[in-house]
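# What the coordinates show
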Amino acid sequence: MEKYFLSYLDILEAEAIHILREVAGQFERPALLFSGGKDSITLVRLAEKAFRPGKFPFPLVHIDTGHNFPEVLQYRNKLVSKLGERLIVRNVEDTIKKRGLKESKGKNASRNALQTYTLLDTIEEFKFDVCIGGARRDEEKARAKERVFSIRDEFGQWNPKLQRPELWSIYNGRINYGENVRVFPISNWTEFDVWNYIKRENIQLPEIYFAHGRNCVVRDGQLLALSEYINLSDDDIITNKKVRFRTVGDMTCTAGVESNAGTIDDVINELKLSRTSERGETRLDDKTSEAAMEDRKKAGYF
């Protein structure tokens, strides 16, 4: 009898599907946070494998800063229409008005941090007891501290010193009233793993992930996409560059990298030479301090 050996992608996929099914089995009101980025798109494919031909046991939830890449929003709408699943969109703009929040000012002003308020309000509105996300341990050191099932208190806050053991792939989702869990099914994957899975599954991605000509603002050595949301300063340089984006986020804090990678294979070959994570290289919001991500997570950021 012919033997079948699991590839490392098969193993990662099986682990992620197991985690998604654990979420469906342990929680009453789950949600999948969907940004339109490669990691959340990968989660959608995994959810299809975990639950088809049935419907997903959770809606897709997008927290929209209002400063998103238009290509990503177009992709989001097209994908949700194809899936036939429920999409919930909540806007940071509405939260700013409702709560009377003050937006940051100056050269590097961004709404990115204000997403936390909108996310927590959305969790409260729909009484979600768990939110699934595409964060990975290799992205950033604060995320490397986090378990697959990450407990948040009644205020949405995370305490890195209060983590539950996850021996033998046993996940404890028991929570008290008001608490919430964040679950990361692809926590053990790397950026390289994600791209190889995308290749294997022939998953379509937003165009910004591949090299394209774009007007950019050169700021502090970073290439920000020129948009109406960028506060230009006298020392900014505007130029047209061939870039791609390694990660998807608010346009005000997500930088591109110069690249000629126009296909998935080209991107994979580029990654073989990379020595930095996608967030470490291109996310300005992670560079405000050494503990920027951890501080945001403690406050309720995903």
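Residues numbered from 1 in each chain as written. Predicted model: local features only at pLDDT ≥ 70, side-chain atom pairs only at ≥ 80, totals over all residues. Heavy atoms only, no water.

## Some remarks on the layout of surface pockets
- For the largest pocket, the calculated volume is near 580 Å³.
- Forming the walls of the largest pocket are 25 residues, and the residues nearest its centre are Ile123, Glu124, Phe128, Gly178 and Glu179.
- Sort the elements by how many residues they give to the lining of the largest pocket and helix H5 (residues 115–126) lands first, with five residues.
- Considered class by class, the residues forming the lining of the largest pocket number eight nonpolar, six polar and eleven charged.
- When its volume is computed, the second largest pocket comes out at roughly 430 Å³.
- At the level of elements, helix H2 (38–51) and helix H3 (70–83) are the ones that each hand at least two residues to the lining of the second largest pocket.
- If you tally residues by element for the lining of the second largest pocket, the top one is H3, at seven residues.
- For the lining of the second largest pocket, the per-class residue count stands at eight nonpolar, three polar and seven charged. (1 Å grid on protein atoms, 1.4 Å probe; cavity = no way out; pocket = protein on both sides within 12 Å on 5 of 7 lines; lining within 4 Å. Points joined across faces, edges and corners; volume = space filled by probe spheres on them. Helix = DSSP H or I, 4+ residues; strand = E, 2+ residues; numbered from the N terminus. Nonpolar A, V, L, I, M, F, W, Y, C, P; charged D, E, K, R; others polar.)

## Examining the domain arrangement of the protein
- We note that the domain assignment places domain 1 (2–192 + 291–298) and domain 2 (205–282) within the protein.
- Taking only C-alpha atoms, the centre of domain 1 and the centre of domain 2 are 23 Å apart.
- Contact residues are listed per partner, giving 30 residues for domain 1 and 29 residues for domain 2.
- Taking the shortest distance from any N to any O, the salt bridge between Arg214 and Glu71 comes out at 3.0 Å.
- Only H2, H3, helix H7 (191–201) and helix H10 (292–299) provide two or more residues apiece to the side of domain 1 that touches domain 2.
- Ranked by residues supplied to the side of domain 1 that touches domain 2, first place goes to H3 with four residues.
- Looking at the side of domain 1 that touches domain 2 residue by residue, the class counts come to eight nonpolar, eleven polar and eleven charged. (Domains from an automatic or database assignment. Contact = heavy atoms within 4.5 Å. Salt bridge = Lys/Arg side-chain N within 4 Å of Asp/Glu carboxyl O.)

## Brief notes about the packing of aromatic side chains
- All told, the structure shown has nine aromatic pairs when counted by the stated rule.
- On the numbers, 5.7 Å between centres and 50° between planes, the contact of Phe56 with Phe58 is tilted. In terms of burial, Phe56 and Phe58 fall into one category: buried. (Phe/Tyr/Trp six-rings, centres within 6.5 Å; stacked < 30°, edge-to-face > 60°. Buried < 20%, exposed > 50% of the residue type's maximum accessible area, 1.4 Å probe, protein only.)

## Quick look at the sheet that holds strand E10 (residues 255–258)
- The strand order around the closed barrel built from four strands is E7-E8-E10-E9, with neighbouring strands paired in antiparallel fashion. Averaged over all pairs of adjacent strands, the angle between strand axes in this sheet comes to 60°, irrespective of strand direction.
- Bridging between strand E7 (residues 212–219) and strand E9 (residues 237–244) involves seven bridges; their strand directions are antiparallel. If you follow Cys216 over to E9, its bridge partner there is Thr239. (Pairing = 2+ DSSP bridges. Axes fitted to C-alpha atoms, helices over the stretch in contact; angles between N-to-C directions.)

## Comments concerning the side chain of Thr122
- Locating Thr122 in the fold gives a position in helix H5.
- On the basis of relative accessible area, Thr122 is assigned to the buried category, the value being 2%.
- In terms of polar contacts, Thr122 uses its side chain to reach the backbone carbonyl oxygen of Thr118, at 2.7 Å.
- Other than its neighbours up to four places away in sequence, Thr122 contacts Val61, Ile63, Arg90 and Phe128. (Polar contact = N/O pair within 3.5 Å; in protein donor to acceptor, adjacent residues only side chain to side chain.)

## A look at the packing of H7 against helix H8 (residues 264–271)
- It is at 10 Å that the axes of H7 and H8 come closest, and there the two elements cross at 160°. Considering their axes alone, H7 and H8 lie roughly antiparallel with respect to each other. By crossing handedness, the relation of H7 to H8 is classed as left-handed. Residue-level contacts link Glu191, Phe192, Trp195, Asn196, Ile198 and Lys199 of H7 to Ile264, Asp265, Val267, Ile268 and Leu271 of H8.
- When the residues that make up the contact of H7 with H8 are grouped by side-chain class, the tally is seven nonpolar, one polar and three charged. (Parallel < 35°, antiparallel > 145°, perpendicular 65-115°, else oblique. Left-handed = near helix turned anticlockwise from the far one by under 90°.)

## Notes on helix H4 (residues 92–99)
- For H4, the set of buried residues is Val92, Thr95 and Ile96. The buried residues of H4 all sit within an arc of 105° when viewed along its axis, so they share a single face. Exposed positions of H4 whose direction lies more than 90 degrees from the buried face are Lys97 and Lys98.
- Along its buried surface, H4 packs onto strand E2 (60–64), strand E3 (87–91) and H5.
- Just downstream of H4, Gly100 is the residue with a positive phi angle, here 70°. (Arc of directions from axis to C-beta.)

## Let's talk about empty space enclosed by the protein
- Tallied over the full model, the rule gives two cavities of 30 Å³ or more.
- Taken as a whole, the second largest cavity holds about 30 Å³ of empty space.
- Taken together, Phe149, Ser150, Ile151, Trp158, Asn159, Leu162, Gln163 and Arg164 form the lining of the second largest cavity.
- In the lining of the second largest cavity, the residues fall into four nonpolar, three polar and one charged.

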